[in-house]
Amino acid sequence: MAILELTEACKTYRIVQRQDGISGALKNLFVPRYRDIQAVKRISFAIEAGEMVGFIGPNGAGKSTTIKLLTGVLVPTSGRVQVLGLSPFKDRKRYVGRIGVVFGQRTQLWWDLPVSDTFDLLRKIYGVPPQTYRRNLELFDDILGLADFRHQLARQLSLGQRMRADIAAALLHDPELVFLDEPTIGLDIVAKDKIRGFMQHINAERGVTMLLTSHDMQDMERTCQRVIVIDKGALLYDGSVSGLASLSGSRRSLIVDFNVHTRCEPISGTELIQENALRARFSFDRGSMQVHELVSQVAKKYDIADMTIEEPSIESVVKTIFSAQQARL
Amino acid sequence: MKKSTPERTCSMNPVALYFAYGSLSLKALFAFRIDAVLRTLAVFVREFASVIVVYLILQRFPDLGGWNMNEVLFLFSFLFLTYAIMIALFTGFRDFDMIVNSGKLDLLLIRPRGTMFQLMAYNSDYLATLGHGAVGITLLVWSAQAVGIVWNPARVAFLLLTLVSGVLIQGAIFVAFSCLSLWFGKSGNVFRALYRNSRKIAGYPLSIFPDAVRSIVLYIMPFAFVNYFPAAWLLGKTDGFWPGLPFLSWLIGPLLFALAYVLWRFSLLRYSSTGH
Ligand SMILES: Nc1ncnc2c1ncn2[C@@H]1O[C@H](COP(=O)(O)OP(=O)(O)OP(=O)(O)O)[C@@H](O)[C@H]1O
Ligand SMILES: [Mg+2]
């Protein structure tokens, strides 16, 4: 049964056009000029209990706006939002006690206080029973390594530590459903991996339903079974991660830097683009070529300084899906 | 689903939670002890300087609409005392535009507690309370003695009720300003100026002003009910107004605050967050 349903949801921001000067200030007050921004246009999807769903799209696509509609922060302009059998904004207090929210861009930690003080206050706000609280802290210490910095002031944390603490803060009260808006933004690979692992653990072990946004395709591939893609406020794709990969061509590139001037020979299953004497790019399909196979073949033949794998960017994925749909019409 | 909804057995009552917030606010403020002490002192000196200016002006006009200097200082003390308490409760509404712009309001909305409650509880500016409170108590004690007020139980009760109502009147004004910000975009500066200037007018007996000025502190920013009418009653002055007005003050505060609360609940649905 779906625990989250979005039906033809729309959100239009109405922003006041500022007018300058004293007469402008008066006009702002009495005859304000407005401009409408349609951030979300008739989006519908449903999520089942226990699912882990990725939500992607380029900048300004409307991801954060959708998350705010789902968390009761914003009131939809039209359409229906129904989560856990409640209306997020109408039943706000009852509803938000059962969900967890992480806004990766801003912290919910009390800036001038140790992390543990924020946790303790959250325990009181949500009325978390002591044994639940203790059990959760232990788990967070284990997987997120919070014990190292739980007594440090929030403003003294590194970005990665802060994000881990923020994610823990959103999960202290055992929410059934968790929304994460860019939980890996600005983090390095190691920190990202830690957070991905934690999200997977919570989803798998506790059956917590999750919806997360990201600009990193890897976040989706590593953690989610299902992705929803939006662009310019409209839904583009809703389906499996592998389906998205096949739709978007899923071409990766292996970029090889050589120590000496090298002319490469083509390798079957890849497309070779020699960029110059010191760098080559092998573009390949993830279905027909394994990365480690390609890497070992290349490493055996040439004198290599460095190799990197380039994933398709969200922008290129969106572009391919979009043109595929245009072609079908 | 593997997990059932946990029992919410330990939900804390709002008063206890308010104090939990309060002690954290204090802890955060006094994490920088020297800074906190200096800032409190700065508030005290700034506010006391404004009193001294009035004092100097009054020396030239020994009789201001029938009020002598001590009586005017008594009038003044109400403004400081009510502000001191009000600011401890309504800092979140004073800083509302900033809280919206920084996206903090989103974070309050995802907590299972009232939004107004959280704005009242979170990050209270207790330094302002200390600064204004010290000025207010100094003025009250000193001027009441100079004027020779005898503090019987009726007068003490009158004073306390007046202070409660005065806090609610100004709280209602702050809440209403925040609602206007939700409707018209950031408008804090315009209203802060209106509030501050009305408060300046309220430092003097209403009887010296022409009708137009009077109506500002009667109908627009009803400061007259915060200090003028109650102080006049305690000083035994009638100044020619209807003698029921000092007692009406007690009603005005709760009434305005109830109105502001309704407006708040309604305006919050217009909230449109920030773009990140
Ligand atoms: N509070 C707001 N007021 C007015 N317009 C807004 C507001 N928030 C977002 N917008 C606009 O709505 C559109 C969608 O923004 P949104 O933040 O939902 O995108 P996003 O997909 O989260 O983008 P990003 O990947 O950059 O975070 C954008 O055009 C943005 O400028
Ligand atoms: Mg966003």
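Residues numbered from 1 in each chain as written. Chains lettered and ligands numbered in written order. Predicted model: local features only at pLDDT ≥ 70, side-chain atom pairs only at ≥ 80, totals over all residues. Heavy atoms only, no water.

### Overview of the overall build of chain A
The secondary structure content of chain A amounts to eleven helices and 13 strands. The dimensions of chain A, computed from C-alpha atoms along their principal axes, are 70 × 50 × 50 Å. Residues classed as buried in chain A amount to 55% of the 329 residues present. Sequence-distant contacts, at least 24 apart, represent 68% of the contacts inside chain A between residues at least 6 apart. Summed over all atoms, the accessible surface of chain A reaches about 14500 Å², with 51% contributed by carbon and sulfur. Put simply, chain A has 42 plus and 38 minus side-chain charges, and the middle of one group is 8 Å from the middle of the other. (Helix = DSSP H or I, 4+ residues; strand = E, 2+ residues; numbered from the N terminus. Buried < 20%, exposed > 50% of the residue type's maximum accessible area, 1.4 Å probe, protein only. Contact = heavy atoms within 4.5 Å. Areas by Shrake-Rupley, 256 points an atom, 1.4 Å probe, with all protein chains shown as cover. Lys, Arg positive; Asp, Glu negative; His and termini not counted. Charge placed at Lys NZ, Arg CZ, Asp CG, Glu CD.)

### Comments concerning helix H8 (residues 153-184) of chain B
When the terminal C-alpha atoms of H8 of chain B are compared, their 46 Å separation across 32 residues agrees well with the 46 Å that a helix rising 1.5 Å per residue should span. Gly185 of chain B sits one or two residues past H8 of chain B and shows a positive phi near 80 degrees. (Expected span 1.5 Å × (residues − 1).)

### Structural notes on the interface of chain B and chain A
On the side of chain A, 46 residues touch chain B, which itself brings 45 residues to the contact. Surface buried jointly by chain B and chain A totals about 4200 Å² across both partners, of which 62% is contributed by carbon and sulfur atoms. Where chain B packs against chain A, one counts three salt bridges. One salt bridge in this structure joins Asp106 of chain B and Lys68 of chain A, with 3.7 Å as the shortest N-O distance. Those elements that provide at least two residues to the side of chain B that touches chain A are helix H1 (14-29), helix H5 (104-109) and H8 of chain B. The dominant element in the side of chain B that touches chain A, judged by the number of residues it contributes, is H1 of chain B, at seven residues. Here the side of chain B that touches chain A is composed, by residue class, of 22 nonpolar, 14 polar and nine charged. (Buried area = accessible area lost by both parts, 1.4 Å probe. Salt bridge = Lys/Arg side-chain N within 4 Å of Asp/Glu carboxyl O. Nonpolar A, V, L, I, M, F, W, Y, C, P; charged D, E, K, R; others polar.)

### Quick notes on the site of ligand 1
As a structural note, the neighbourhood of ligand 1 is formed by 18 residues, with Gly60, Lys63, Ser64 and Thr65 of chain A together with Ser272 of chain B the closest of them. At ligand 1, the nearby residues belong to more than one chain, namely chains A and B. In the environment of ligand 1, an oxygen atom lies 2.9 Å from a nitrogen or oxygen atom belonging to the backbone of Gly62 of chain A. Interatomic distance of 2.9 Å between a backbone N/O atom of Ser273 of chain B and a nitrogen atom of ligand 1. When the free accessible area of ligand 1 is taken as 630 Å², the share hidden by the protein chains comes to 79%. Those elements that place two or more of their residues in the shell around ligand 1 are strand E1 (2-17), strand E2 (33-48) and helix H2 (63-70) of chain A. Grouping the amino acids of the shell around ligand 1 by side-chain chemistry returns six nonpolar, ten polar and two charged. (Near = heavy atom within 4 Å. Polar contact = N/O pair within 3.5 Å; in protein donor to acceptor, adjacent residues only side chain to side chain.)

### A closer look at the sheet that holds E1 of chain A
All names here are of chain A. Strands sit in the order E2-E1-E4 across an open sheet of three strands; the sheet is antiparallel. Two strands in the sheet have a free side with no partner beyond their single neighbour: E2 and strand E4 (78-83). Strand-to-strand twist across the sheet, computed as the mean angle between neighbouring axes with direction ignored, equals 25 degrees. Examined bridge by bridge, E1 and E4 share five bridges and lie antiparallel to one another. Bridge pairing links Leu6 to Val81 in E4. (Pairing = 2+ DSSP bridges. Axes fitted to C-alpha atoms, helices over the stretch in contact; angles between N-to-C directions.)

### Some remarks on the domain arrangement of chain A
The domains assigned to chain A are domain 1 (2-12 + 41-246) and domain 2 (250-311). Centre-to-centre, using C-alpha coordinates, domain 1 of chain A lies 37 Å away from domain 2 of chain A. (Domains from an automatic or database assignment.)

### With respect to the pairing of strand E6 (residues 177-181) of chain A
Residue and element names in this part refer to chain A. Of all the five residues making up E6, five are buried; the element is thus mostly covered by neighbouring parts of the structure. Side chains Leu177, Phe179 and Asp181 of E6 all project onto a buried face; the interleaved residues Val178 and Leu180 project onto the opposite face, where all are buried too. Strand direction decides the pairing type here: strand E5 (residues 99-103) and E6, joined by five bridges, are parallel. Within E6, the position partnered with Ile99 by the bridge is Leu177. Taken together, the five bridges between E6 and strand E7 (residues 209-213) define a ladder with parallel strand orientation. Bridge pairing in E7 links Leu177 to Thr209. Once the chain exits E6 it traverses helix H7 (residues 189-206) before rejoining the sheet at E7, and the crossover so formed is right-handed. (Right-handed = clockwise from strand over helix to strand, strands pointing away.)

### A few points about the packing of helix H2 (residues 33-60) of chain B against helix H3 (residues 69-94) of chain B
Helix-helix packing: each pair is described by the crossing angle between the helix axes and the interaxial distance. Residue and element names in this part refer to chain B. At a minimum axis separation of 11 Å, H2 and H3 run at an interaxial angle of 155 degrees. Classified by the angle their axes make, H2 and H3 are roughly antiparallel. The element H2 and its partner H3 pack so that their crossing is right-handed. Judged by residue contacts, Glu47, Ser50, Val51, Val54, Tyr55, Leu58 and Gln59 of H2 engage Met69, Val72, Leu73, Phe76 and Phe80 from H3. When grouped by side-chain class, the residues that make up the contact of H2 with H3 number nine nonpolar, two polar and one charged. (Parallel < 35°, antiparallel > 145°, perpendicular 65-115°, else oblique. Left-handed = near helix turned anticlockwise from the far one by under 90°.)

### Considering H3 of chain B
One turn of the α-helix equals 3.6 residues, which is why residues spaced by three or four share an orientation. Residues and elements named next belong to chain B. End to end, H3 covers just 32 Å across 26 residues, shorter than the expected 38 Å (1.5 Å per residue, more than 12% under). The sharpest bend along H3 measures roughly 65 degrees and falls at Ala88. Within H3, 21 of the 26 residues are buried, which leaves the element mostly enclosed by the surrounding structure. Put simply, Asn68 is the residue that caps the front of H3, since its side-chain oxygen is 3.1 Å from the backbone nitrogen of Asn70. (Bend = angle between axes of the 7 residues up to and from the residue.)

### What to know about unusual backbone geometry
Residue and element names in this part refer to chain A. The phi dihedral of Leu84 falls on the positive side, at around 50 degrees, and the residue is not glycine. Relative accessible area serves as the criterion here: at 13%, Leu84 is assigned to the buried category. Its identity as a non-glycine residue notwithstanding, Glu182 has a phi of 55 degrees, on the positive side. With respect to the helices and strands, the residue Glu182 is situated in the loop between E6 and H7. Assessed through its relative accessible area of 9%, Glu182 is described here as buried.

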